[in-house]
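Each chain, written out:
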Amino acid sequence: MAGLRLLRAHGLASSLARSSVRCTCRTKLSPGSQTQVRYKSGPYGYTQAKSLVFSEYGEPKDVLKLHSHSISPTLPSASVLLRTLAAPINPADVNTIQGTYGAKPTFSSLLGTAEPSVVPGNEGVFEVVSSSARGLAKGDWVIPKKTQFGTWRTHALAAADAVIRVDKEGLTPAQAGTVAVNPCSAYRMLRDYTAGEPLREGQWFLQNGANSGVGRAAIQLGRLWGYRSINVVRAREDASATQQLKDELTALGATHVVTEDEFQSREFRDMLAEWTRGSPEGVRLGLNCVGGKSAATMAKSLGVGGTVVTYGGMARQPVALPTGLLIFKDLRFVGFWLSRWADRDPLSKAQTVAEILGLVREGRFRDVPTVEVPWAWDTEVQTLKDAVQGTLEGFRAGKGIFTFKDT
C-alpha cells in the first residue's frame, strides 16, 4: 500500500494544471489499426491531458468541470501511461456524481485541481502509450481492474497492477470498453445466484428492465446457455415502437417479451402458467432493476425456492416482500453489487471479461446499442456535461459512450 501511495504521489503529483502551455500534435493512422495513433506533447515531453472532474456532489450539469494538466514523461516503476480509447456513461457514474451511490469516492488534488476533486467513470478501455512494467507494452489495450478508476479523461498514469490486459484482436474500442459492467453483471447473476444448483438448460428466469445493457446481456447469455427467459420492458410511445422493441429482444434470444402493463395484468398469471407448463420448478430466478410493483409481481411469479436478485432501483420505490411468499414459497431476496464482486475477486473479473470478449469475437454476443459522444482536444465542456446529464432522462437510443479522437 505504501508503494502504491508513493507511485501516485510521484506520478500523479507531476500532473500539473498547465492550460496555457503550448503543445504540439501529430496524428497518423497505424497500419491495420482501428484507432488513431495520437501524440500531444508539451515542453520536455510532458503529455497534455484533460479530465472531467467534480469537487462537490450535485447534478452533472452543475458540478462537472474540464481540467487540463500534464503528465511527466518519467514513469514510476511498474506503471503505465495510458490514453483513453472509449469510456461509457453508466447510471452508476451519474449517481456517484450526485452523491447517491453506495460507494463514495476519495477527493484528491493530485491532478493539480484548485480543490480536491474526483475523476468519474468506472468503465473504459485504454491503450498503453509507454510502460515501465513487465507484461505490458506500448499498443496493448487494458481495462481497469477495480472500480473508481476514473475513466473520463484523455490520459491516465496508473500502476500496472491496477489494470487488466485484454486481447484487442478482432475488437473495437467500444466492445472492449463496455464489457466490464453490464455483461459481467448479467453473467454473474445468472451463474451464481440461484438457490442450490445453478440454472440448468431449459429452466426459466424472469427480468424487468430487459432493454437495459444488463437485460440485453442476460438474454444473450441465457440463449447461449439454453435458459428460457421472460422479459419485461416499458411500453414505448406507440404500439408499433413497442412491437419493434419486442421483436428486437426476441431476435437476441428472448423467449417471451411483455410490457410492464401486461406484466401487471390479471391475465399474466395464466400466460405464465402456460409458458412454464412442464417445468415443475417454475421460474427459478428473477433479476430486478426496477423495484416497486414490478419487483412484487416478479416475486409472485417465481416458483418455490426461487430467488429475486436486485441490482438496481429505477422506479425509486422500495421492494415490498409479501410475508406469505417468504413462508410458503421459501423465496430468497438478495442484492448484487458489481463493484463488490469486481473489487474482491479481480481474477474472476479477468476470466469473465475474457470469456465474454471471446463470444464477441465469435459473433455470438452482440454489442449493446451505443450513442457515441466524440471527445477531441477542443471539445467543449458543455457537450460532455450534456451527454452525462442526459443518461437518466427518458428513452435513449443506446448507452452514451465517450469516444476519444484527437486528444
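Just above, that's the structure.
Draft legend 1. Highlighting the sheet that holds strand β13 (residues 283–288). The six strands lie next to each other as β12-β11-β10-β13-β14-β15, forming an open sheet whose pairing is parallel. At either end of the open sheet lies a strand with only one pairing partner, and these are β12 (256–259) and β15 (332–335). Each adjacent strand pair in this sheet contributes to an overall mean axis angle of 20 degrees, direction not counted. Summarising the sheet, strand β14 (residues 302–310) and β15 pair through four bridges and their orientation is parallel. From the neighbouring strand, T310 faces β15, where its bridge partner is G335. The strands touched by helix α6 (residues 213–225) are β10 (204–207), β11 (228–233) and β13; relative to β10, the strand with the most contacts, the crossing angle is about 170 degrees. Strands in contact with helix α9 (residues 267–275) are β10, β11, β12 and β13; relative to β12, the strand with the most contacts, it is inclined by about 175 degrees.

Draft legend 2. Quick peek at the pairing of strand β17 (residues 399–404). The buried fraction of β17 amounts to six of the six residues, a majority that puts the element mostly inside the structure. On β17, burial covers both faces: K399, I401 and T403 on one face and G400, F402 and F404 on the other are all buried. Two elements, strand β5 (residues 79–88) and β17, share three bridges in a ladder whose sense is antiparallel. Paired with P88 across the two strands is I401, which belongs to β17. Relative to β17, strand β16 (residues 370–375) runs parallel, the two sharing six bridges.

Draft legend 3. How the structure looks around the side chain of N288. Summarising the element assignment, N288 is placed in strand β13. Taking relative accessible area as the criterion, N288 reaches 0% and is therefore assigned buried. A distance of 3.0 Å separates the side chain of N288 from the backbone nitrogen of V290, its partner in a polar contact. Of note is the side chain of N288, whose polar atom sits 2.9 Å from the backbone nitrogen of G291.

Draft legend 4. Spotlight on the packing of aromatic side chains. The full count for this structure, using the stated rule, is 13 aromatic pairs. Consider the rings of Y57 and F107, whose centres lie 5.6 Å apart with planes at 80 degrees: the pair is edge-to-face. Of this pair, Y57 sits in the loop between β3 (47–53) and α2 (60–63) while F107 sits in the loop between α3 (91–98) and β6 (125–131); the two residues are 50 residues apart in sequence, bridging distant segments of the chain. Considering the side-chain rings of W152 and F402, the 5.6 Å spacing of their centres and the 80 degrees angle between planes classify their relative orientation as edge-to-face. Placement of W152 in the loop between β7 (141–144) and β8 (155–159) and of F402 in strand β17 is noted, with a sequence separation of 250 residues between them. The same class applies to W152 and to F402, which are both buried. These aromatic residues form a ring-pair network of at least three members: W152, W375, F402 and F404. Above the ring of W377, the side-chain terminus of K50 is found at 4.5 Å from the ring centroid. One residue, R191, lies across the ring of W225, its end atom 3.7 Å from the ring centre.

Rules of the game
- Residues numbered from 1 in each chain as written.
- Predicted model: local features only at pLDDT ≥ 70, side-chain atom pairs only at ≥ 80, totals over all residues.
- Heavy atoms only, no water.
- Pairing = 2+ DSSP bridges.
- Helix = DSSP H or I, 4+ residues; strand = E, 2+ residues; numbered from the N terminus.
- Axes fitted to C-alpha atoms, helices over the stretch in contact; angles between N-to-C directions.
- Contact = heavy atoms within 4.5 Å.
- Buried < 20%, exposed > 50% of the residue type's maximum accessible area, 1.4 Å probe, protein only.
- Polar contact = N/O pair within 3.5 Å; in protein donor to acceptor, adjacent residues only side chain to side chain.
- Phe/Tyr/Trp six-rings, centres within 6.5 Å; stacked < 30°, edge-to-face > 60°.
- Lys NZ or Arg CZ within 6 Å of the ring centre and 35° of its normal.

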